[in-house]
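For reference, the chains in residue letters:
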Amino acid sequence: MLDLKRQYRELHQELLDAVGHVLETQQFILGEPVATFERDAAAQLRVAHAIGCSSGTDALWLALAAAGIGPGMAVITTPFSFFASVSSILRAGATALLADIDPTTFNLDPLAVETVLHGPRGAAVRAVLPVHLYGQCADWTGFSRLAQAHDLKLIEDAAQAWGAEWNGVKAGALGTAAAFSFYPTKNLSAAGDAGMVTTNSDEVAERARMLRQHGMRRRYFHDEIGWNTRMDGFQGAILSVKLKYIDGWNQARRTVAARYHELFAAAGLAEAGPYPVHGVVLPREVAGSHHVYHQYVLRTSRRDQLREFLASRKIGSEIYYPVPLHQQEALKGLGYNEGDFPEAERAAREVLALPIFAELREDEQQTVVAAIAEFLS
Ligand SMILES: Cc1ncc(COP(=O)(O)O)c(C=O)c1O
């Protein structure tokens, strides 16, 4: 699925030097290595503030809390994401409401969100948390319209979307605040857990910086109950090295995606969608979006058998995500039932992520597509 060692081989001396510098300066938590990464990351995303923290999950919580989301308020998000998109809302003390996804992009559908806003629990909604799933921005034109009409904050879950854009604006600079993850499998990755909040609001940034250090503005004077969610110096130093390469790696991912498209089309397997019949429905970059293909996810009707077949050929694949969030044991308390989000439930049965990373070779892609062709024939 992902061979991280290929990237490491290219960068190993630079990374060792960066880690060595942290050891020399002994700045293990925040400090200069993290401040440098925050400054360069904000410049690259063309956003006013970047605040490093300890994971994408913490970044989501920090973004919500710093934007003033808390008890008595509701936030709408998607049932088709990683667990943290919902658990962070609950950690912030708010109520999580769900709305269904668009079957083409797998992203939260603004029309479904609008229906929830007009429903019985709509009056408590203060924010929407769209996820830029698989590296493609959610429909920000639709969400901006809703935010204006209903006076809502928009919190981006940009964990999978470093470098993605919507109408020329980078993910991370679109909403009230955004959360990134640098988990080792992410397109911009740390050597452990790390995350970041970005925002154009001075107020949200100041609050996020305070909340990530136990609510302290002044050392040992606590204004609010925050948490310890600071970024390590080692992670800041490693991320600063990789930040210089991420645009190139994202471009390479787009090339890999285009090659998969060509190979599937040439094999006569590509179907128009949004639902599969006998072949595969390929991921689509929608108008206005710059997709970074954090994942290359297709839909196919005999997904589980295909996955087993690929595994028998030693070809990696993955399911993001097999169980929609409203059907997770831990989230039964949200009060939803099977059938409430038919698009998310169907996607969970049909999606399959294929190997994609900047260093993936053309011959390896040919092997993947040939195996899928053999299975489908
Ligand atoms: C969409 C999404 N949101 C949130 C997270 C949480 O990030 P982390 O694993 O860094 O806590 C992830 C990554 O796992 C993710 O993919």
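Note that the coordinates shown come from a computational prediction; the quantities given were computed from them, not determined experimentally.

Enquirer: Looking at this structure, I do not really get the sheet that holds strand 1 (residues 49-53). What am I missing?
Expert: Sheet strands associate in pairs through backbone hydrogen bonding, adopting either a parallel or an antiparallel arrangement. Pairing within the open sheet is mixed, and its 7 strands lie in the order 1-9-8-5-4-2-3. Pairing within the sheet leaves two strands with one partner each, and these edge strands are strand 1 and strand 3 (95-98). Taken pair by pair, the neighbouring strands of this sheet meet at an average axis angle of 25°, ignoring direction. The pairing of strand 2 (residues 74-77) with strand 4 (residues 125-129) spans 4 bridges and is parallel. Paired with I76 across the two strands is V128, which belongs to strand 4. Sitting on the sheet, helix 5 (residues 110-117) is in contact with strand 2, strand 3 and strand 4, with an inclination near 155° to strand 2. Strand contacts of helix 6 (residues 140-150): strand 4 and strand 5 (153-157), with the helix running at about 150° to strand 5, the strand carrying the most contacts.

Enquirer: Explain the layout of surface pockets here, please?
Expert: A probe as big as a water molecule, rolled over the atoms, marks out the empty space that is left. Of the voids in this model, the largest pocket is the one considered here, and its volume is about 540 Å³. What lines the largest pocket is a set of 27 residues, among which Q160, Y183, T185, K186 and Y321 lie closest to the centre. Listed by contribution, the elements that provide at least two residues to the lining of the largest pocket are helix 3 (56-66) and helix 4 (84-91). With 3 residues, the top contributor of residues to the lining of the largest pocket is helix 3. Here the lining of the largest pocket is built from residues that sort into 12 nonpolar, 10 polar and 5 charged. Elements with a contribution of two residues or more to the lining of the second largest pocket: helix 3, helix 4 and helix 7 (202-211). The class makeup of the residues in the lining of the second largest pocket is 8 nonpolar, 6 polar and 4 charged.

Enquirer: Teacher, can you tell me more about helix 3 here?
Expert: For an α-helix the count is 3.6 residues per turn, leaving residues at separations of three or four pointing the same way. Most of helix 3 is tucked away: 10 of the 11 residues are buried. Buried within helix 3 we find G56, D58, A59, L60, W61, L62, A63, L64, A65 and A66. The residue sitting at the N-terminus of helix 3 and contributing the capping side-chain oxygen is S55; that oxygen lies 3.3 Å from the backbone nitrogen of T57. Count one or two residues on from helix 3 and you reach G68, which has phi positive near 90°.

Enquirer: How should the pairing of strand 8 (residues 177-181) be read in this particular structure?
Expert: Among the 5 residues of strand 8, 5 are classified as buried, and the element is accordingly described as predominantly covered. Pairing of strand 5 with strand 8, which is carried by 3 bridges, proceeds in the parallel orientation. Looking across to strand 8, one finds that D157 is bridged to A179. As judged from the 4 bridges shared by strand 8 and strand 9 (residues 195-199), these two strands associate in the antiparallel manner. From the neighbouring strand, A179 faces strand 9, where its bridge partner is V197.

Enquirer: Please explain the packing of aromatic side chains as it appears in this structure.
Expert: Two descriptors summarise a pair of aromatic rings, namely the distance from one centre to the other and the angle between the planes of the rings. Considering all chains together, one arrives at 16 aromatic pairs under this definition. Both rings, one in Y245 and one in W249, keep their centres 5.8 Å apart while their planes meet at 20°; by these two values the pair is stacked. A relative accessible area of 12% places W249 in the buried class. An aromatic cluster is defined as three or more aromatic residues linked by ring pairs; in this entry it consists of F80, F82, F106, Y134, Y320 and Y321. When the ring centre of F221 is taken as origin, the NZ or CZ atom of R218, which lies over that ring, is 3.9 Å away.

Enquirer: Can you help me understand the sheet that holds strand 6 (residues 165-166) in this one?
Expert: With respect to topology, 3 strands assemble into an open sheet ordered 7-6-14, the strand pairing being antiparallel. The open sheet has two edge strands, strand 7 (169-170) and strand 14 (289-290), and neither has a second partner. The sheet contact formed by strand 6 and strand 7 spans 2 bridges and is antiparallel. Bridge pairing links E165 to K170 in strand 7.

Enquirer: Is there a simple way to think about empty space enclosed by the protein in this case?
Expert: For the structure shown, the criterion picks out 2 cavities of 30 Å³ or more. Along its surface, the largest cavity is lined by 13 residues, and L2, Q7, R253, F357 and E359 are the ones closest to its centre. Of all the secondary-structure elements, those providing two or more residues to the lining of the largest cavity are helix 1 (4-25) and helix 9 (246-266). Quantified by volume, the second largest cavity comes out at close to 80 Å³. Forming the walls of the second largest cavity are T104, T105, F106, L133, Y134, Q136, P283, R284, H291, Q295 and V297. Looking at the lining of the second largest cavity, its residues break down into 5 nonpolar, 5 polar and 1 charged.

Enquirer: I tried to follow the site of the ligand on my own but got confused; where do I start?
Expert: Lining the immediate surroundings of the ligand are 14 residues, of which G56, T57, D157, S181 and K186 lie closest. Between the ligand and K186 there is a distance of 3.2 Å, counted from an oxygen atom to a side-chain nitrogen or oxygen. Protein chains shield 93% of the accessible area of the ligand, which is 390 Å² for the free molecule. Placement of the ligand is best described as lying within the largest pocket. The greatest single-element share of the shell around the ligand, amounting to 3 residues, is contributed by helix 3. In terms of residue class, the shell around the ligand is made up of 6 nonpolar, 6 polar and 2 charged.

What counts and how
- Residues numbered from 1 in each chain as written.
- Predicted model: local features only at pLDDT ≥ 70, side-chain atom pairs only at ≥ 80, totals over all residues.
- Heavy atoms only, no water.
- Pairing = 2+ DSSP bridges.
- Helix = DSSP H or I, 4+ residues; strand = E, 2+ residues; numbered from the N terminus.
- Axes fitted to C-alpha atoms, helices over the stretch in contact; angles between N-to-C directions.
- Contact = heavy atoms within 4.5 Å.
- 1 Å grid on protein atoms, 1.4 Å probe; cavity = no way out; pocket = protein on both sides within 12 Å on 5 of 7 lines; lining within 4 Å.
- Points joined across faces, edges and corners; volume = space filled by probe spheres on them.
- Nonpolar A, V, L, I, M, F, W, Y, C, P; charged D, E, K, R; others polar.
- Buried < 20%, exposed > 50% of the residue type's maximum accessible area, 1.4 Å probe, protein only.
- Polar contact = N/O pair within 3.5 Å; in protein donor to acceptor, adjacent residues only side chain to side chain.
- Phe/Tyr/Trp six-rings, centres within 6.5 Å; stacked < 30°, edge-to-face > 60°.
- Lys NZ or Arg CZ within 6 Å of the ring centre and 35° of its normal.
- Near = heavy atom within 4 Å.
- Areas by Shrake-Rupley, 256 points an atom, 1.4 Å probe, with all protein chains shown as cover.
- Sits in = over half its atoms within 2 Å of the grid points.

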